[in-house]
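Working through the structure, step by step
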Amino acid sequence: MKRVLITGAAGFLGSHLCDRFIAEGYHVIGMDNLITGNIANLEHLFPLENFEFHHHDVSNFVHVAGELDYILHFASPASPIDYLKIPIQTLKVGSLGTHNLLGLAKAKGARMLIASTSEVYGDPLVHPQTEEYWGNVNPIGPRGVYDEAKRFQEAITMAYHTYHNLETRIIRIFNTYGPRMRVDDGRVMPAFFSQAMQGKELTIFGDGSQTRSFCYVDDLVEGIYRLLMSDTVMPINIGNPDEITIGDFAKEVLDMVGNGTVSFHPLPVNDPKKRRPNIDKAKEVLGWEPKVSRAEGMRRTYEYFKTVVPNIQEVKK
Ligand code: UDP
């Protein structure tokens, strides 16, 4: 049985990855320090013999007994309000954490995949973003702690590949959503759904003209799996190019949940004005493209939020 270590296992993406590797017949070792992760996301896996959980912070030395075939490094605060609250941990998990895991991968002869991000492009001056674009990041702005940790993570991962011949894979993840997103993580999808479901105003930051492109989690997980199994060392964008303004997205949420209103608030500092992946590379080298439409993905996500959002008031049309 092949063995995979997944860090950030109790998080939104990490827990979906654990499910996928269990379904593929792997022995899965999930690791998380539970700062932003939620152990409830893994509860259904605890009875399984081929799943084990390690409560550990990967910014400290990481020990795993036995062989490892793959390491997927998904531990990190990932929402803007989280990395503003815990900026030093965010920098450490992307830098020290990645270094520890690369060392572990080297010792075990494992292939390592790191979760990078569209944030490496910052507030992009090239649209849509191709992998060749180097980005427009403010290193000392509020998002710098995340963006620069991820940029360093890519650099050290490539260095281990070049100088130690380590097998490495780099995925640049664009906005992703789906069941198990934390309702209070501040990101636009859980924020708008929980506000609409509780009859509150939807808080649009800025004038709502900024854009994002939302990828459903199942599509992302398929892309990660294909990249891991491929021989592609250079970074690959995985995301859904279906771009929408935040103002129009608020309308879609309101249409799905029922009538409601919006309010406008200051745009956070360095909030990217546009974001949309160019996924030509993923199509070409992985044969991957997203399959789940935003309408369908939002329906599935709404069903999840109904199970976790308290005091739902049915707002009738
Ligand atoms: N946003 C918003 N209202 C909210 C939360 C977010 O208008 O309550 C905006 C935010 O300013 C950004 C976009 O929605 O332009 C996506 O924000 P999110 O935090 O989901 O992730 P980001 O893509 O900025 O990392």
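Residues numbered from 1 in each chain as written. Predicted model: local features only at pLDDT ≥ 70, side-chain atom pairs only at ≥ 80, totals over all residues. Heavy atoms only, no water.

1. Quick look at the overall build of the chain
The secondary structure content of the chain amounts to nine helices and 13 strands. Over its C-alpha atoms the chain spans a radius of gyration of 19 Å, differing by no more than 12% from the 20 Å that the globule rule assigns to 317 residues. Overall, the chain is about 60 × 45 × 40 Å in size when its C-alpha atoms are taken along their principal axes. The proportion of buried residues among the 317 residues of the chain is 55%. Working note: accessible area of the chain is about 13,800 Å², and carbon and sulfur atoms make up 54% of it. (Helix = DSSP H or I, 4+ residues; strand = E, 2+ residues; numbered from the N terminus. Rg over C-alpha atoms; globule rule 2.2 N^0.38 Å. Buried < 20%, exposed > 50% of the residue type's maximum accessible area, 1.4 Å probe, protein only. Areas by Shrake-Rupley, 256 points an atom, 1.4 Å probe, with all protein chains shown as cover.)

2. Remarks on the pattern of salt bridges
Counting across every chain of the model gives 25 salt bridges. When the shortest N-O distance is used, the salt bridge between Arg 182 and Asp 184 registers 2.9 Å. When its relative accessible area of 53% is taken as the criterion, Asp 184 is described as exposed. Here Lys 306 makes a salt bridge to Glu 303, at a shortest N to O gap of 3.0 Å. You can see Lys 306 and its partner Glu 303 sitting in helix α9 (residues 294-308), three residues apart, about one turn around the helix. The network of salt bridges with shared partners includes Glu 119, Arg 143, Arg 212, Asp 271 and Arg 275. (Salt bridge = Lys/Arg side-chain N within 4 Å of Asp/Glu carboxyl O.)

3. Quick word on the site of the ligand
If you check the shell around the ligand, you find 18 residues, and the closest are Thr 203, Phe 205, Arg 212, Asp 271 and Arg 275. Interatomic distance of 2.9 Å between a side-chain N/O atom of Asn 175 and an oxygen atom of the ligand. In isolation the ligand has 520 Å² of accessible area, and contact with the protein removes 95% of it. For the shell around the ligand, the elements supplying multiple residues, two or more each, are α5 (188-197) and β8 (202-205). For the shell around the ligand, the residue count by class is eight nonpolar, four polar and six charged. (Near = heavy atom within 4 Å. Polar contact = N/O pair within 3.5 Å; in protein donor to acceptor, adjacent residues only side chain to side chain. Nonpolar A, V, L, I, M, F, W, Y, C, P; charged D, E, K, R; others polar.)

4. With respect to the packing of α5 against helix α7 (residues 246-257)
Following both chains from N to C, one finds α5 and α7 inclined at 40°, their axes separated by 10 Å at the closest point. Looking at the two axes, α5 sits oblique to α7. The interaxial crossing formed by α5 with α7 has right-handed handedness. The segment α5 lies against α7, with Val 188, Met 189, Phe 192, Phe 193, Ala 196 and Met 197 engaging Ile 246, Phe 249, Ala 250, Val 253, Leu 254, Met 256 and Val 257. (Axes fitted to C-alpha atoms, helices over the stretch in contact; angles between N-to-C directions. Parallel < 35°, antiparallel > 145°, perpendicular 65-115°, else oblique. Left-handed = near helix turned anticlockwise from the far one by under 90°. Contact = heavy atoms within 4.5 Å.)

5. Quick look at the side chain of Glu 131
Along the polypeptide, Glu 131 turns up in the loop between β5 (111-117) and α4 (144-164). Although Glu 131 is buried, it forms no salt bridge, and the closest oppositely charged side chain is Lys 281 at an N-O distance of 4.1 Å. A polar contact of 2.8 Å, which involves the side chain of Glu 131, links it to the backbone nitrogen of Asn 237. The contact partners of Glu 131, leaving out residues within four places of it in the chain, are Tyr 121, Arg 172, Pro 235, Ile 236, Asn 237, Asn 278 and Lys 281. (Lys, Arg positive; Asp, Glu negative; His and termini not counted.)

6. Observations concerning the pairing of β5
Along a regular strand, successive side chains alternate from one face of the sheet to the other. With seven of seven residues buried, β5 lies mostly within the body of the structure. Across the two faces of β5 the burial is the same, with Arg 111, Leu 113, Ala 115 and Thr 117 and Met 112, Ile 114 and Ser 116 all buried. Here four bridges tie strand β4 (residues 70-73) to β5, and the two strands are oriented parallel to one another. When the sheet's bridge partners are listed, His 73 is paired in β5 with Ile 114. Across six bridges, β5 lies against strand β6 (residues 168-173) in parallel orientation. Bridge pairing in β6 links Thr 117 to Ile 173. (Pairing = 2+ DSSP bridges.)

7. With respect to the state of the cysteines
Counted under the stated rule, the structure contains zero disulfides. There is no disulfide at Cys 18, and the cysteine sulfur nearest it, in Cys 215, is 19 Å away. (Disulfide = S-S within 2.5 Å.)

8. Describing helix α1 (residues 12-23)
Structural remark: α-helix, 3.6 residues per turn; residues separated by three or four positions point the same way. For α1, spanning twelve residues, the distance from its first C-alpha to its last is 17 Å, which sits close to the expected 16 Å at 1.5 Å a residue. Those residues of α1 lying buried are Phe 12, Leu 13, Gly 14, Ser 15, His 16, Leu 17, Cys 18, Arg 20, Phe 21 and Ile 22. Two residues or fewer past α1, Gly 25 is found with a positive phi of approximately 90°. (Expected span 1.5 Å × (residues − 1).)

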